[in-house]
Protein chains: 2
Amino acid sequence: MILVTGGTGFVGSALVRSLARTATPVRVVSLRDHAARLPNVEYASADLCELDVDSAVLDSVDTIIHLASTTIPSTSMADPAFDARSNIEMSLRLLEAARRRGIRNFLFASSGGTVYGDPVSVPVRESDPTEPRSPYGIVKLAVEKYVGLYSRIHGLHGISLRISNPYGYGQFFGAPIGVIARLLHHAFENTTFTVWGDGSVVRDYFHVDDLLRAFHITLADPGIRTGVYNVGAGRGTSLNELVALVERITSRPIKVRYEAAREVDVHTIWLDSTKFRSATGWKPSIALEDGVRSLWQELLQKPPTRSPAQRG
Amino acid sequence: MILVTGGTGFVGSALVRSLARTATPVRVVSLRDHAARLPNVEYASADLCELDVDSAVLDSVDTIIHLASTTIPSTSMADPAFDARSNIEMSLRLLEAARRRGIRNFLFASSGGTVYGDPVSVPVRESDPTEPRSPYGIVKLAVEKYVGLYSRIHGLHGISLRISNPYGYGQFFGAPIGVIARLLHHAFENTTFTVWGDGSVVRDYFHVDDLLRAFHITLADPGIRTGVYNVGAGRGTSLNELVALVERITSRPIKVRYEAAREVDVHTIWLDSTKFRSATGWKPSIALEDGVRSLWQELLQKPPTRSPAQRG
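Residues numbered from 1 in each chain as written. Chains lettered and ligands numbered in written order. Predicted model: local features only at pLDDT ≥ 70, side-chain atom pairs only at ≥ 80, totals over all residues.

Chemist: Is there a simple way to think about the interface of chain B and chain A in this case?
Modeler: It is common to report an interface's size as the accessible area lost on association of the parts. Each partner contributes residues to the interface: chain B has 23 residues there, and chain A has 23 residues. Looking at the side of chain B that touches chain A, the elements with two or more residues in it are α3 (80–101) and α4 (135–154) of chain B. The element that contributes the greatest number of residues to the side of chain B that touches chain A is α4(B), accounting for 10 residues. Among the residues making up the side of chain B that touches chain A, the classes are represented as 14 nonpolar, two polar and seven charged. (Contact = placed C-beta atoms within 7 Å. Helix = DSSP H or I, 4+ residues; strand = E, 2+ residues; numbered from the N terminus. Nonpolar A, V, L, I, M, F, W, Y, C, P; charged D, E, K, R; others polar.)

Below, the structure written as structure tokens:
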């Protein structure tokens, strides 16, 4: 049985759907209600910051996929103590539960875009310096270290994936993250898109289906060495390039408003995923232009029935 | 005014005495009572985990030296969540107070012996991988990152000293750390000394007076670049060598009992302090043999009136 935390978020819900399709026994635990339930998936509501080691949530679990976070980079900056307290508490309770209940596999969704801070060079590698620009990144890094510690000391098979910027249809319903979905949505609704800074910031975007394959490959191979792995496209795209790409694909001009850059934002980053590729054979298969085009088609065919939470 | 947290511990009380000698205005804040008060030093009792930004403890402060910790490596392993919660909360409250009250200088006592974990090579440098073997080291590392973040984003002048293993007279009264003081004390009392493992573990011991000079130099030079700096002797000594050294100096045989090695203990580490030396001119001046000999003389002349907290 795989326990998925954060299984109602963008990546989590896509992952749970894909696990259900392969008939993998999966239990989703989340603070939220589970309105949309999939067949063959168990759902549990619990505050993981208060998870008890004896909780039935952990019964029959042999693998934990830990995607949940109480913050995003900008909210972590607004309240670093809450960010640390909640996310570290939650992660340590899961790790401690894994240790005490003999749950061997622990897959942690870390953040390739924040743990490094401003890279010394790009593409960034796992061994490069980690100097986060946000409390969010510091806590992701600390949790990676706890996963490493429990692996070294307590025999956990712990893997931290430093994920870059996945995009996909599910982002139309989620938190105010996911710039590609937001751009397409602005094109769809003909509303103004806010850029923090001058649009020169560069990120590593890849399709969520490629990320799902990374999870599935990792789950299927118990021989992957414990440690941290970059998972991204390995290609940088600036925000301005992204705006131009969306304008080309949608044939609609995007109204852009430029605002002051934010402190939490790294300027330029993309990831070298060679280590993960060497360990698993994984590589991204969906080119950015193709992914964005198919996402636009999806949006035209199935407009979201509730609008995304947006900032600015 | 310099605010010293943890000013009643071994390093803290030595630092406060040395600051008082140079007539530097200093305030000691600690959970404990302040029975032994020095003239010209202010004392305040407060729980820093609940420090309010408006607290009078912070009045007139321009520099914070953050030495306090609620844990040592072994106790952090027993309760990682408490270790994280208390030490991160305390450190973030101090940093946030510094930001909001315009306190510019922040000197954090990090841990050269735990943030690296098992070094790839020795002497270890600041840019080497950091894979702690204890929750204590993970939290020290996270606090370093917060100090770095507040420096980059909020203009703090933050310095983290990754200190190796200081020894000195004050350890006879302190927590159950400080192997040199414990060895001398066992020689003095003719009691059995417990070694975790086979005695081959190697550490970087240096005299607390050399550490105090490192603090004073750092305080005196506002031009030192924000960042992390190793501070140690740059020389490794095994526990068995230390036992032999103490036997030679004291002319007394030490009774040793060997116990199983502890999970939290790194096997071999010593620090390359070249970065700190280049920045400040500091280098350790007291050879280990001389330091241990003078400490033994001190012990013979002024036997501690209360016995040290000891384990095993």
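Continuing now.
Chemist: Could you clarify how one ought to interpret helix α1 (residues 10–21) of chain B in this entry?
Modeler: Along an α-helix, residues three or four apart share an orientation, since each turn contains 3.6 residues. All names here are of chain B. For α1, spanning 12 residues, the distance from its first C-alpha to its last is 17 Å, which sits close to the expected 16 Å at 1.5 Å a residue. Every buried residue belonging to α1 is among F10, V11, G12, S13, A14, L15, V16 and L19, and all of these are buried. Among the residues trailing α1, A23 stands out with phi positive, at a value near 60°. (Expected span 1.5 Å × (residues − 1). Buried ≥ 20, exposed ≤ 12 C-beta atoms within 10 Å, placed from the backbone.)

Chemist: Would you mind showing me how to read the sheet that holds strand β11 (residues 227–231) of chain B here?
Modeler: Within a sheet, each strand pairs with its neighbour through backbone hydrogen bonds, oriented either parallel or antiparallel. All names here are of chain B. An order of β3-β2-β1-β4-β5-β6-β11 is seen for the seven strands of this open sheet, with the pairing classed as parallel. Each of the sheet's edge strands pairs with one partner strand only, and the pair in question is β3 (41–45) and β11. Mean inter-strand twist for the sheet, computed between neighbouring axes without regard to direction, equals 20°. Each of β1 (2–5), β4 (63–66) and β5 (105–111) is contacted by α3, which is oriented at about 170° to β4, the strand it contacts most. Packing against the sheet, α4 makes contact with β5, β6 (157–163) and β11, and its axis sits at approximately 160° to β5. (Pairing = 2+ DSSP bridges. Axes fitted to C-alpha atoms, helices over the stretch in contact; angles between N-to-C directions.)

Chemist: Would you explain unusual backbone geometry in this entry?
Modeler: Phi is mostly negative for residues that are not glycine, and the peptide bonds are mostly trans. Note the cis peptide between V122(A) and P123(A), where omega equals -5°. Its place among the elements puts P123(A) in the loop between β5 (105–111) and α4 (135–154). The phi dihedral of N40(A) is positive, around 65°, even though this residue is not glycine. For N40(A), the position within the fold is in the loop between β2 (26–30) and β3 (41–45). Judged by the 12 C-beta atoms lying within 10 Å of it, N40(A) is exposed. Even without being glycine, N190(B) reaches a positive phi, approximately 60°. Note that N190(B) resides in the loop between α5 (179–189) and β8 (192–196).

Chemist: Teacher, can you tell me more about the confidence of the model for chain A here?
Modeler: It should be kept in mind that the predicted coordinates are not to be read in detail where pLDDT is low. Residues and elements named next belong to chain A. The predicted model of chain A averages 93 in pLDDT, with 96% of residues at 70 or higher. Note on residues 307–312: pLDDT under 50 across the span, and 13 contacts to partners over four residues away in sequence or across chains. Reported confidences for the modelled complex are a pTM of 0.94 and an ipTM of 0.93. (pLDDT = per-residue confidence, 0-100.)

Chemist: Just checking my understanding: could you explain the environment of S86(A) for this structure?
Modeler: All names here are of chain A. By the secondary structure assignment, S86 is in helix α3 (residues 80–101). Assessed through the 19 C-beta atoms surrounding it within 10 Å, S86 is described here as partly exposed. Sequence separation between S86 and E96 is 10 residues, and the spatial gap between their C-alpha atoms is 15 Å. Non-local contacts of S86, meaning those with residues more than four positions away in its chain, are made with C49 and T70.

Chemist: Looking at this structure, I do not really get the packing of helix α5 (residues 179–189) of chain A against helix α9 (residues 288–301) of chain A. What am I missing?
Modeler: Two quantities define a packed helix pair, namely the angle between the axes and the distance from one axis to the other. Residue and element names in this part refer to chain A. The N-to-C vectors of α5 and α9 enclose an angle of 50°; their axes lie 11 Å apart at closest approach. As the angle between them shows, α5 and α9 are arranged oblique. Considering how the two elements wind past one another, α5 and α9 form a crossing that is right-handed. Together, I180, L184 and F188 of α5 and V292, L295, W296 and L299 of α9 make up the contact between the two elements. Grouping the amino acids of the contact of α5 with α9 by side-chain chemistry returns seven nonpolar, no polar and no charged. (Parallel < 35°, antiparallel > 145°, perpendicular 65-115°, else oblique. Left-handed = near helix turned anticlockwise from the far one by under 90°.)

Chemist: Could you clarify how one ought to interpret the relation of the copies chain B and chain A in this entry?
Modeler: Taken together, a rotation about one axis and a shift along it account for how the two chain copies relate. Once turned by 180° and shifted 0.0 Å along the axis, chain B lies on chain A with an RMSD of 0.0 Å. Classification of the inter-copy transformation places it as that of a two-fold axis. When you check the interface residues of chain B against chain A, 100% turn up at the interface there too, and the contact is symmetric in its surfaces. (Least-squares fit on C-alpha atoms with pLDDT ≥ 70 in both.)

Chemist: In this structure, what is going on with the domain arrangement of chain A? I would like to understand it.
Modeler: Residue and element names in this part refer to chain A. Partitioning chain A into structural domains gives domain 1 (2–166 + 206–231) and domain 2 (168–203 + 234–301). The straight-line distance from the C-alpha centre of domain 1 to that of domain 2 is 23 Å. The interface of domain 1 with domain 2 comprises 40 residues on the first partner and 30 residues on the second. Going through the elements one at a time, α1 (10–21), α2 (73–78), β7 (165–167), β10 (205–207), α6 (208–220) and β11 (227–231) are the ones with two or more residues in the side of domain 1 that touches domain 2. In terms of residue count, α6 provides more of the side of domain 1 that touches domain 2 than any other element does, seven residues in total. (Domains from an automatic or database assignment.)

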